[in-house]
Amino acid sequence: EMRQFGDFTIRLLESKHAPVKPGGEGPWFSGTIDEPLWQPASVNAWKQGVVWSVFIGHPRGTTLIQGSGGFVEGKLHGETADVVMLGIARLEGLGKEYVTTFWNETVPATGATRVIPVHYDDYTAPFGEVRLFPDFVDNIVVTTGWIDQILQETGSDVTIELPPFGQPIPLY
């Protein structure tokens, strides 16, 4: 179902979270939040709920937000996007083969030519401080190295840009 907001359209396609739990299972805190959470709430009180591939359309272009490193095989084939905001956290632990499949199921599947990595930074850092997780948690440098290899091996002309903190990003 698509919703219209002025010049913008939003469409959600159900997806999956990256299988980051030991043993290749889903997320750490699956399930839904069925009652209001009183703050401060423990980390395991927060639940995943449903994961979405979010398409935001505008007359100038379309952006896919794939916030988690998960996917449903074949789900995005036939969809189109100019830009993909690609969640790349915790992919290093899943291996290069997984990253290659994830990449193919999101970026080439939609024909996007521009990727903006998201969900790669240490969200426990103070607001405004952008830093990577320690390597023992997630080695983003390894993951991005694999993505560079994929681009080189396929001869892709996709550009990858890191978002600047607190600044607007012209998408199209």
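Residues numbered from 1 in each chain as written. Predicted model: local features only at pLDDT ≥ 70, side-chain atom pairs only at ≥ 80, totals over all residues. Heavy atoms only, no water.

Is there a simple way to think about the layout of surface pockets in this case?
Rolling a probe over the atoms, with the probe sized like a water molecule, indicates the empty space that remains. Volume-wise, the second largest pocket comes out at about 170 Å³. Lining of the second largest pocket is provided by 14 residues; of these, Ile88, Pro117, Thr144, Ile160 and Leu162 occupy positions nearest its centre. At the level of elements, strand E6 (114–118) and helix H2 (140–154) are the ones that each hand at least two residues to the lining of the second largest pocket. Taken together, the residues that form the lining of the second largest pocket break down as 11 nonpolar, 1 polar and 2 charged. (1 Å grid on protein atoms, 1.4 Å probe; cavity = no way out; pocket = protein on both sides within 12 Å on 5 of 7 lines; lining within 4 Å. Points joined across faces, edges and corners; volume = space filled by probe spheres on them. Helix = DSSP H or I, 4+ residues; strand = E, 2+ residues; numbered from the N terminus. Nonpolar A, V, L, I, M, F, W, Y, C, P; charged D, E, K, R; others polar.)

What exactly am I supposed to notice about the nonpolar core here?
Side chains that are nonpolar tend, in soluble globular proteins, to be buried together. The biggest cluster of nonpolar side chains holds 27 residues, and the ones touching the most others in it are Leu86, Ile88, Leu91, Trp103 and Val107. Looking at this core, the elements that each hand over two or more residues are strand E5 (83–87), helix H1 (96–110) and H2. Looking at which element gives the most residues to this core, the answer is H1, with 6 residues. Apart from the residues within four sequence positions on either side, Val107 is in contact with Val84, Leu86, Ala112, Val115 and Val158. (Core = buried A, V, L, I, M, F, W, Y, C linked by side-chain atoms within 4.5 Å. Buried < 20%, exposed > 50% of the residue type's maximum accessible area, 1.4 Å probe, protein only. Contact = heavy atoms within 4.5 Å.)

It is not clear to me how unusual backbone geometry should be interpreted in this structure. Could you clarify?
Cis geometry is found at the peptide bond from Gln39 to Pro40, where omega equals 0 degrees. By secondary structure assignment, the location of Pro40 is in the loop between strand E2 (8–14) and strand E3 (52–58). Even without being glycine, Arg90 reaches a positive phi, approximately 65 degrees. Mapped onto the elements, Arg90 comes out in the loop between E5 and H1. The exposure class assigned to Arg90 is partly exposed, which follows from its relative accessible area of 30%. At His119, a position not held by glycine, the phi torsion is positive, near 55 degrees. Mapping His119 onto the fold places it in the loop between E6 and H2.

Which parts of the structure should I look at to understand the pattern of salt bridges?
Here the idea is simple: oppositely charged side chains can pair when their charged atoms come close. Using the criterion set out here, one finds 6 salt bridges in the structure. Note that Arg3 and Glu1 form a salt bridge whose closest N and O atoms lie 3.0 Å from each other. Note that Glu153 and Lys96 form a salt bridge whose closest N and O atoms lie 3.4 Å from each other. Here Lys96 lies in helix H1 and Glu153 lies in helix H2, a separation of 57 residues in the sequence. You can call Lys96 partly exposed: its relative accessible area is 27%. (Salt bridge = Lys/Arg side-chain N within 4 Å of Asp/Glu carboxyl O.)

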